[in-house]
Amino acid sequence: MQPKLTGLEVLEMEVGTTIATLEEKQPGTPDANKDGTHKPAQNADPKAKDAKPAAERKRSRNLSEDRRFKLFSGTANRPLADEIARHIGVTVGEAKLQRFADGEVYFQLLENVRGVDVFVVQPTCYPVDQNLVELLIIIDALKRASAARITVVVPYYGYARQDRKDRPRVAISAKLIADLLTTAGANRALFVDLHAAQIQGFFNIPVDHLFASPVLVSYFRELNLPNLIVVSPDAGGVERARFFAQKMGAPLAIVDKRRTDINVAEVMHVVGDVHGKSCLIIDDIIDTAGTLVKTVDALYANGAATVHACASHAIFSGPAIERIAASRLEQVVVTNTVPLREAAQKTPKIKVLSIAGLLGAAIESIHMETSVSTLFS
């Protein structure tokens, strides 16, 4: 009759180990130092101390060599996406986007995105509803293709002007769009100059909010307007104008207006001394330019020497181009968050600055998981 083996002996026979390697080393065991500390393992990998976390190892500093990074674009502003891609040294991902006869969107990814950190560039500008649905379908396709993370890069956030109930029985569309993007599968969002900063709170995903002001400030510093004063066209834009004025080292004025209907504003009076000064109007959106030209008239009526204007988003709806061309504005400086209409491109008073470098730097920081706050200055 063979002797009965203990569980430890059976384990030793099956695995080929020793009791000593199965026990946790305690002070006084042969592999422990006299002071009770353990000796380092003799067969330890000398590179282990330099090992990086998996999330860091999989990301290359050179995005063109990083297989875990891809940039895609919708049709809303493809030139901006191409320019961003050039700034960060990549190409825009291949995809097929078509429309059925009734206008429905068909989208197919032509590249593998499984486990990839994906960024999608798509402003929700005119036609707003079409570009929004296109973005939602792209997000859904990426989610179903097992992308590791989907970041929507929305240079212009449509429906942002309806961010609260200012009248009975109205919708808060800014919140609705946030819910749609999140439900579609977006994991992170990157915006430029939201109409109201508190829109970030409508999202339950991380949001990075960039400002176009570094690009605009740089341009006007080089322009070096004499006796400059920065003007906010309404009370809601005071914070934006104050930040710009601080960067330019200039005083601040405010135009008080009363909006009587959608896209209709009546300028009341100017708060601040603009007599004999170079006025610079700061706004986030120029839509029909009705508010802008009335602000210009109010400033000249109060003795302004010259009036320039700048804005992040050049929507230029309806008669905006004609109003700007016929106004007393010296120049209107905008960014390329949305593509300009052909008429706007031919208007001498309109100057376009690119924010592709700013967005490219933000995308790199988000992918590398480094701070984006340095871009806010």
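As a reminder, the structure under discussion sits directly above these lines.
Residues numbered from 1 in each chain as written. Predicted model: local features only at pLDDT ≥ 70, side-chain atom pairs only at ≥ 80, totals over all residues. Heavy atoms only, no water.

Asks: Go over the overall build of the chain with me, naming the residues and quoting the values.
Replies: A tally of regular secondary structure across the chain gives 12 helices and 14 strands. Of the contacts formed within the chain by residues at least 6 apart in sequence, a portion of 62% connects residues at least 24 apart. Accessible surface for the chain amounts to roughly 20100 Å². Of this, 51% is attributable to carbon and sulfur atoms. (Helix = DSSP H or I, 4+ residues; strand = E, 2+ residues; numbered from the N terminus. Contact = heavy atoms within 4.5 Å. Areas by Shrake-Rupley, 256 points an atom, 1.4 Å probe, with all protein chains shown as cover.)

Asks: Tell me about the packing of helix α4 (residues 78-88) against helix α12 (residues 356-368), residues and numbers included.
Replies: Two numbers describe how α4 lies on α12: the axes approach to 8 Å, and their chain directions differ by 60°. The orientation of α4 relative to α12 falls into the category oblique. Helix-helix and strand crossings are classified by hand; for α4 and α12 the assignment is right-handed. Between α4, through Leu80, Glu83, Ile84, His87 and Ile88, and α12, the contact on the second element is made entirely by Ala356, Gly357, Leu359, Gly360, Ile363 and Glu364. Split into classes, the residues belonging to the contact of α4 with α12 amount to six nonpolar, three polar and two charged. (Axes fitted to C-alpha atoms, helices over the stretch in contact; angles between N-to-C directions. Parallel < 35°, antiparallel > 145°, perpendicular 65-115°, else oblique. Left-handed = near helix turned anticlockwise from the far one by under 90°. Nonpolar A, V, L, I, M, F, W, Y, C, P; charged D, E, K, R; others polar.)

Asks: Before we move on, could you go through the pairing of strand β5 (residues 149-154) and cite the residues and values that matter?
Replies: The buried fraction of β5 amounts to six of the six residues, a majority that puts the element mostly inside the structure. Burial of the side chains of β5 extends over both faces: Arg149, Thr151 and Val153 are buried on one face and Ile150, Val152 and Val154 on the other. In this sheet, β5 lies alongside strand β4 (residues 117-121) in parallel orientation, the contact comprising five bridges. Residue pairing in the sheet places Val120 in a bridge with Val152 of β5. As a crossover connection, the stretch from β4 through helix α5 (residues 128-144) into β5 is right-handed. (Buried < 20%, exposed > 50% of the residue type's maximum accessible area, 1.4 Å probe, protein only. Pairing = 2+ DSSP bridges. Right-handed = clockwise from strand over helix to strand, strands pointing away.)

Asks: Provide a residue-level description of the sheet that holds strand β1 (residues 69-73), including the pertinent values.
Replies: Strand order in the open sheet made by the five strands is β1-β4-β5-β6-β7, with parallel pairing throughout. If you trace the sheet from one side to the other, it starts and ends with β1 and β7 (207-210), each paired once. Within the sheet, the average angular offset between the axes of one strand and its neighbour, ignoring direction, is 15°. Bridge count between β1 and β4: five bridges; the pairing is parallel. Bridge assignment links Phe69 to a residue of β4, and that residue is Asp117.

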